[in-house]
Amino acid sequence: MNSNRPTRRYHQHHPFWIRMVVVVALAAALGVVRAEDPYLFFRWEVEYATLSPLGSPQQVITINKQFPGPRINCTTNNNLVVNVFNHLDEPLLFTWNGIQQRKNSWQEGMPGTNCPIPPGANYTYRFQAKDQIGSYYYYPTTSLHRAAGGYGPITIHSRPLIPVPFPPPEDEHVVLAGDWYSDGHVSLRKKLDSGRTLSRPDGVIINGRRGEDAPDQPMFFMAAGKTYRYRICNVGMKNSINVRIQGHTLKLVEVEGSHTVQNTYDSVDVHLGQCYSVLVTADQTPKDYLLVASTRFTKSPLATTAIVRYNGSSIPASKDLPKAPEGWAWSLSQFRSLRWNLTASAARPNPQGSYHYGKINITRTIKLVNSANTVDGKLRYAVNGVSHVNSDTPVKLAEYFGVAAKVFKYDLVRDEPAADAENKITVAPSVVNVTFRDFVEIVFENHEKSIQAWHLSGYSFFATAIEPGRWTPEKRKGYNLIDAVSRHTVQVYPGCWAAIMTTFDNCGMWSLRSVALERQYLGQQLYISAQSPVRSARDEYPVPADLPLCGVVKGLTPPATP
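Described in the following lines is the structure provided in the data block. Because the structure is a prediction, the values reported are computed rather than measured.

Reading the values: the criteria
Residues numbered from 1 in each chain as written. Predicted model: local features only at pLDDT ≥ 70, side-chain atom pairs only at ≥ 80, totals over all residues. Heavy atoms only, no water. Helix = DSSP H or I, 4+ residues; strand = E, 2+ residues; numbered from the N terminus. Rg over C-alpha atoms; globule rule 2.2 N^0.38 Å. Buried < 20%, exposed > 50% of the residue type's maximum accessible area, 1.4 Å probe, protein only. Contact = heavy atoms within 4.5 Å. Areas by Shrake-Rupley, 256 points an atom, 1.4 Å probe, with all protein chains shown as cover. Lys, Arg positive; Asp, Glu negative; His and termini not counted. Charge placed at Lys NZ, Arg CZ, Asp CG, Glu CD. Pairing = 2+ DSSP bridges. Salt bridge = Lys/Arg side-chain N within 4 Å of Asp/Glu carboxyl O. Phe/Tyr/Trp six-rings, centres within 6.5 Å; stacked < 30°, edge-to-face > 60°. Lys NZ or Arg CZ within 6 Å of the ring centre and 35° of its normal.

Right, let's talk about the overall build of the protein chain for a bit. Helices and strands together make up the secondary structure of the protein chain, namely six helices and 34 strands. Against the compact-globule benchmark of 24 Å for 562 residues, the protein chain has a radius of gyration of 25 Å, which places it among compact chains. In terms of principal-axis extent, the alpha carbons of the protein chain reach across some 100 × 65 × 55 Å. Relative to its full complement of 562 residues, the protein chain shows a buried share of 57%. Partitioning the contacts of the protein chain with sequence separation of at least 6, the portion at a separation of at least 24 is 78%. Accessible area for the protein chain stands at about 23900 Å²; split by element, carbon and sulfur atoms hold 53% of it. Side-chain charges of the protein chain comprise 58 positive and 46 negative groups, with the mean position of each set lying 5 Å from the other.

Written as structure tokens, this is what we have:
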């Protein structure tokens, strides 16, 4: 060996492509190169089963033989692929309550956006939990299927690099609570189709059953001294619920995807469609305790319980149940106490409070008044005098394929209700046009005696105020323009109004609907169309190649997208 031979240096003599491979490998090892976000795959077999949620056998919709259905447990920005096999005897759709579906209303799963999955067929939903964290749930949207179950939890965790504003809990418990009918969904649908209204629900269930049917079976476990996260969602059909745990306080940490100021409550009101996360510390004498869920704002409240057992305990829970608060004034006070945690990071590595929504000029105000009346002798619910009806062609598809005029008319719902809107009802598909990226104020005014709950898909909004009486522009002086919680569902108490604000920057067709199943089914909903001035894949994804087509768009070729 010639010791005088010069030593070769890697960067001097290896080809450029080899050097680049090494650079990329080193960058990846250091976390500089970002791969595509992870994919999670689910296969759902949807079918009927005979179960007894209220003690008597009835037909229930199960997913993979489970009721509630399987949990979608994911992390911010995960890509979700859910292959749904419909073994029911009717067409089927699922929606993802609160998942924003950025630029992708094709996967929203509402009758106004998608053709249903026929019996014996399957369809694969593909969407991303883009820049979201929090507690959500899914449910079927076709017919009255939600009255038969088919729902389940979605939990989205923060990425490891994003700090969470509380210590990691020992474990998480999902609480899907809501009212339930003993009659099957077919019987309930016949009542509504015949012009009648649904009566009072028959009971309340937690995670598919009521506590009195399993008096010795714990649903949740805790270890003494440890803290647990309870993700509570109201998956019911008609009533708000109150949730409390014997002897324990509830520290609120999240509302519908937003970290909140961590107030402590003895109980929380959770209205239809809403999800809350609370921390519960096992700091009491080790024994069994009862988690109680009861209906609110009803003459004769319905209630059920679930056993929370301290590990190793053999001491039964006390039968003395904590009482729920009374009246909606208490609930309104609780709403006013909710505040966005501006010191916590969101799903992205930037402070939530960096979005100063209170300083954005309002471009448009839409005032919506709910009403009920009869049309041809049958009950209908309406918004500003228009009662939505689903057409054979989803309104989203009709718009995208350029045949909207054959299916619906835009803006039947005006920004301000007509004087006779509460007495005169028009039954038709209802679509409201909004200008892309406009900052819009929506006011819900409830002239009825029952509490309402409204959900906007595709967006989060700032719930800036709920107040008694009628809304006027002067009421804006009382808005919370600093730290209102960013969420997707808002309640409106009887004789009250609620105001929300949002930027319509998510292209697509999105549902704004009453969460009460009966009201939604009989027309108390509409669709909001936010279209980009230029049809571009930058603003909205092209129609999926495998998306089912129906009605007047069946067989049509999708328009080209740049």
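If you trace the six strands from one edge of the open sheet to the other, you get 24-26-34-33-28-31, paired in mixed fashion. Single-partner strands in this sheet number two, and they are strand 24 (409–410) and strand 31 (489–492). Pairing geometry for strand 24 and strand 26 (residues 430–435), over two bridges, is parallel. From the neighbouring strand, Tyr-410 faces strand 26, where its bridge partner is Val-431.

A few words now on the pattern of salt bridges. This model, assessed by the stated rule, comprises 24 salt bridges. For Asp-415, the salt bridge goes to Arg-364, with nearest N and O atoms at 2.8 Å. Placement of Asp-415 in the loop between strand 24 and strand 25 (426–427) and of Arg-364 in strand 21 (residues 364–375) is noted, with a sequence separation of 51 residues between them.

A few words now on the packing of aromatic side chains. Under the counting rule described, the total for this entry stands at 25 aromatic pairs. Each ring, one from Tyr-289 and one from Tyr-310, has its centre 5.5 Å from the other, and the planes form 50 degrees; the classification is tilted. Of the two residues, Tyr-289 sits in strand 19 (residues 288–295) while Tyr-310 sits in strand 20 (residues 303–310), which places them 21 residues apart along the sequence. Relative accessible area serves as the criterion here: at 1%, Tyr-310 is assigned to the buried category. Between Tyr-400 and Phe-401, the aromatic rings sit 5.9 Å apart at their centres with planes inclined by 75 degrees, giving edge-to-face as the arrangement. We note that Tyr-400, like Phe-401, is buried. Connected via pairs of aromatic rings, a cluster forms that spans Trp-44, Phe-94, Trp-96, Tyr-123, Tyr-125, Phe-127 and Tyr-138. Across from the ring centre of Phe-85, 4.0 Å away, lies the NZ or CZ of Arg-43, which sits over that ring. Between Lys-287 and the ring centre of Tyr-289, over which it is positioned, the NZ or CZ distance is 5.4 Å.

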